[in-house]
Each structure stands twice: as C-alpha cells, then as structure tokens.
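Below are the chains, spelled out letter by letter.
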Amino acid sequence: MNAQPYLFVVFFCLVACGVGLTFWLIITVFRAKQRQVEREGLTKRPDGGINVPLVAAFGGWKYVFWIARTSSSIAPLLVLHESDLEYRVIRLKRQPYTDVSAVDLRTTIGTVNIVFEFRASIRTFAANTASRRNAMEALAILKGKGCPLTERAEALLAAKEINSK
C-alpha cells in the first residue's frame, strides 16, 4: 500500500525542525558559556596560581593548527603558576615556562585562542579565552615569565599598551 505523498513531506519537515532545534540549543548553550567566560576575569587561586577562564581547550600538532586532536568544553583549564603552567584538555598536565617554544594568538568569530607550542613535543595546547581582555592579561603574564610571543600575540599586547595611554 502506498503512503500519501504529503506524509513524506510532513516527516521531512518534522526531521528538519528537530535538527534545527538541536543546533539552536547547542548554539544557545555555547553562547551563554561564552558570555559568562567573557565577564569573568583572571583570578588568583589560593595556591598562588592565576586562573585564566576558558570556554574550551584543544590539543593539536605543530604546523597543523587548524585540526584539533582533542578538545574539551566540559572542564578546560589554564593556570599560570610562578614557574610553570598547568593545563587540561583531557588530562591535567604541567609544563615549565622554559619548555614553551612559542605562544601564539589565533582569533576567529567568537574565539580568542592562546596557542602554546612546546620545545620537546610536536603537540600544542590551545585555550579559547573568548575575550581579548583576558587574552591580553594572560599574554602579558606569559611575556613576563619569559615565554616567546609570536607577532600576533605581540600585536595584541601592543594594542593594549596603546589603549592604556
């Protein structure tokens, strides 16, 4: 027995609406988290470290920065301690600032990523701060710790210095 053609159209419309509502919900939740992180500033922890609020964190490879090997928006972490940095995408790791070979800044619509490259590894860590202000403050701290900044990261710090004058 053949189904009426309009049933296929109704079914297709229901599926399309369901998919659309799912994407709308995901985007709404992401934007709410992004706004919350933008409002937060860097905070000092009881152990003396400085917590950089993040929307998400990504693990990748050097020279292939547009592909993430791992990602997390559940519990991303970036803490700047006195002699090392603590970060988490999936597992918690600590690296001394002397192991950082470059700190880059990559921005797209809705993201402000601080990207760390390490000397003895092909892996990278990218932290989405979602805020230029938070990224500027973190980059200033990293520069003070002796981490080499790329031209893009230096340009953001230069813009901060110009705006503060």
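Our subject is the structure that appears above.
This text gives an overview of the structure that appears in the document. (Residues numbered from 1 in each chain as written. Predicted model: local features only at pLDDT ≥ 70, side-chain atom pairs only at ≥ 80, totals over all residues. Heavy atoms only, no water.)

**Quick word on the sheet that holds strand S6 (residues 84-88)**
Put simply, the test is: Note: two strands are recorded as paired if DSSP finds a minimum of 2 bridges between them. Working definition: helices are DSSP H or I runs of at least four residues, strands are E runs of at least two. Numbering for both runs from the N terminus.
Reading across from one edge, S1-S2-S5-S6-S7 is the order of the 5 strands in this open sheet, with antiparallel pairing throughout. At either end of the open sheet lies a strand with only one pairing partner, and these are strand S1 (43-44) and strand S7 (92-96). As judged from the 2 bridges shared by strand S2 (residues 50-51) and strand S5 (residues 77-80), these two strands associate in the antiparallel manner. Along S5, the bridge assignment pairs Ile-50 with Leu-80.

**Observations regarding the pairing of strand S4 (residues 64-72)**
Summarising the sheet, strand S3 (residues 56-61) and S4 pair through 5 bridges and their orientation is antiparallel. Among the inter-strand pairings, Phe-58 is bridged to a residue of S4, identified as Ser-71. The antiparallel hairpin formed by S3 and S4 contains 2 residues in its connecting segment, where Tyr-63 sits at a positive phi of about 70°.

**A look at the pattern of salt bridges**
A pair can form between side chains of opposite charge whenever their charged atoms are brought close. Applicable threshold: Basic side-chain nitrogens of Lys or Arg form a salt bridge, by our definition, when they fall within 4 Å of a carboxyl oxygen of Asp or Glu. The buried label goes to any residue with under 20% of its type's maximum accessible area, the exposed label to any with over 50%, and the partly exposed label to all in between, with areas taken from a 1.4 Å probe on protein chains only.
Evaluated as defined, the whole model comprises 8 salt bridges. For Glu-154, the salt bridge identified is with Lys-143, shortest N-O distance 3.2 Å. A residue pair is termed long-range when its members are at least 10 positions apart, and Glu-154 in helix H3 (residues 151-164) and Lys-143 in helix H2 (residues 132-144) qualify at 11 residues. Among the residues examined, Glu-154 registers a relative accessible area of 29% and is labelled partly exposed. Looking at Lys-143, the relative accessible area reads 40%, which means it is partly exposed.

**Overview of the nonpolar core**
Rules: To qualify as a nonpolar core, a set must consist of buried Ala, Val, Leu, Ile, Met, Phe, Trp, Tyr and Cys residues joined through side-chain atoms within 4.5 Å. The criterion used for residue contact is that any of the two residues' heavy atoms lie within 4.5 Å.
Within the largest apolar cluster, 29 residues are counted, with the highest numbers of intra-cluster contacts made by Leu-78, Val-103, Ile-114, Phe-116, Phe-125, Leu-139 and Leu-142. Looking at this core, the elements with two or more residues in it are S5, S6, strand S8 (100-108), strand S9 (111-118), strand S10 (123-128), H2 and H3. When residues in this core are grouped by element, the largest group, 5 residues, is from H2. If sequence neighbours within four positions are ignored, Phe-116 has contacts with Leu-78, Leu-85, Val-100, Ala-102, Val-103, Arg-123, Thr-124, Phe-125 and Leu-142.

**Some remarks on the side chain of Asp-104**
Put simply, the test is: Under this definition, polar contacts are N or O atom pairs within 3.5 Å; protein pairs additionally need one hydrogen-donor-capable and one acceptor-capable atom, and for neighbouring residues in sequence, both atoms have to be side-chain atoms.
Structurally, Asp-104 is set in strand S8. Residue Asp-104 is classed as buried on the basis of its relative accessible area, which comes to 8%. Here Thr-150 takes part through its side chain, which lies 2.7 Å from a polar atom of the side chain of Asp-104. Polar contacts involving the side chain of Asp-104 include one to the side chain of Arg-152, which spans 2.5 Å. Residues in contact with Asp-104, not counting those within four places in the same chain, are Asn-113, Ile-114, Val-115, Thr-150 and Arg-152.

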